[in-house]
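Letter by letter, the chains look like this.
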Amino acid sequence: EQNYPNPFNPVTKIAFDLPRDAKVKLAVYDILGREIKTLVNNEFRSIGKYIIEFDGSGFASGVYFYHLQVEGGKTFTAVKKMVLIK
């Protein structure tokens, strides 16, 4: 799902649903593709809905991307854009 709110200042929430148990990685990248924050680091998660909070107070205003990777059975990957405005 898309983060909410977007644009945000300085906190936003990233939600995702898991239809099966899986290993999850959720990371935030800057506009240059550098990983700036790992929110979930290859952790095993059970079936269900998750909401992860990202606090951008230590980062500059701008465009960021979050990358969700789910491994379990089939691999699923999603990238979404979010905007931090201070």
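Everything here concerns the structure above.
On a predicted model such as this, the values are computed, not experimentally measured, just so you know.

Q: If you had to explain the environment of Asp 17 to someone new, which residues and values would you point to?
A: Relative to the elements of secondary structure, Asp 17 occurs in strand 1 (residues 11–18). When residues no more than four places from it in sequence are discounted, the contact partners of Asp 17 are Glu 1, Gly 48 and Lys 49.

Q: Give me the lowdown on the packing of aromatic side chains, citing residues and values where you can.
A: Here the structure, examined in full by the defined rule, presents 4 aromatic pairs. Between Phe 16 and Tyr 50, the ring centres sit 5.5 Å apart and the planes meet at 20 degrees, which makes this aromatic pair stacked. Taken together, the residues span a long stretch of sequence, with Phe 16 in strand 1 and Tyr 50 in strand 4 (residues 48–55) at a distance of 34 residues. The same class applies to Phe 16 as to Tyr 50, namely buried. Look at Phe 54 and Phe 59: their rings are 5.9 Å apart centre to centre, the planes differ by 25 degrees, and that puts the pair in the stacked class. A relative accessible area of 1% means that Phe 54 is categorised as buried. The structure contains a cluster of three or more aromatic residues connected by ring pairs, namely Phe 8, Phe 54, Phe 59 and Tyr 64.

Q: Which residues make up the pattern of salt bridges, and what values do they have?
A: Oppositely charged side chains can form a pair if their charged atoms are brought close together. Under the defined criterion, the tally for this structure stands at 4 salt bridges. Lys 49 is paired through a salt bridge with Glu 1; the nearest N and O atoms lie 3.0 Å apart. Placement of Lys 49 in strand 4 and of Glu 1 in the segment before strand 1 is noted, with a sequence separation of 48 residues between them. The salt bridge partner of Arg 34 is Asp 30, with a shortest N-O separation of 2.7 Å. Classification of Asp 30 as buried rests on a relative accessible area of 10%.

Quick notes on the rules
- Residues numbered from 1 in each chain as written.
- Predicted model: local features only at pLDDT ≥ 70, side-chain atom pairs only at ≥ 80, totals over all residues.
- Heavy atoms only, no water.
- Helix = DSSP H or I, 4+ residues; strand = E, 2+ residues; numbered from the N terminus.
- Contact = heavy atoms within 4.5 Å.
- Phe/Tyr/Trp six-rings, centres within 6.5 Å; stacked < 30°, edge-to-face > 60°.
- Buried < 20%, exposed > 50% of the residue type's maximum accessible area, 1.4 Å probe, protein only.
- Salt bridge = Lys/Arg side-chain N within 4 Å of Asp/Glu carboxyl O.

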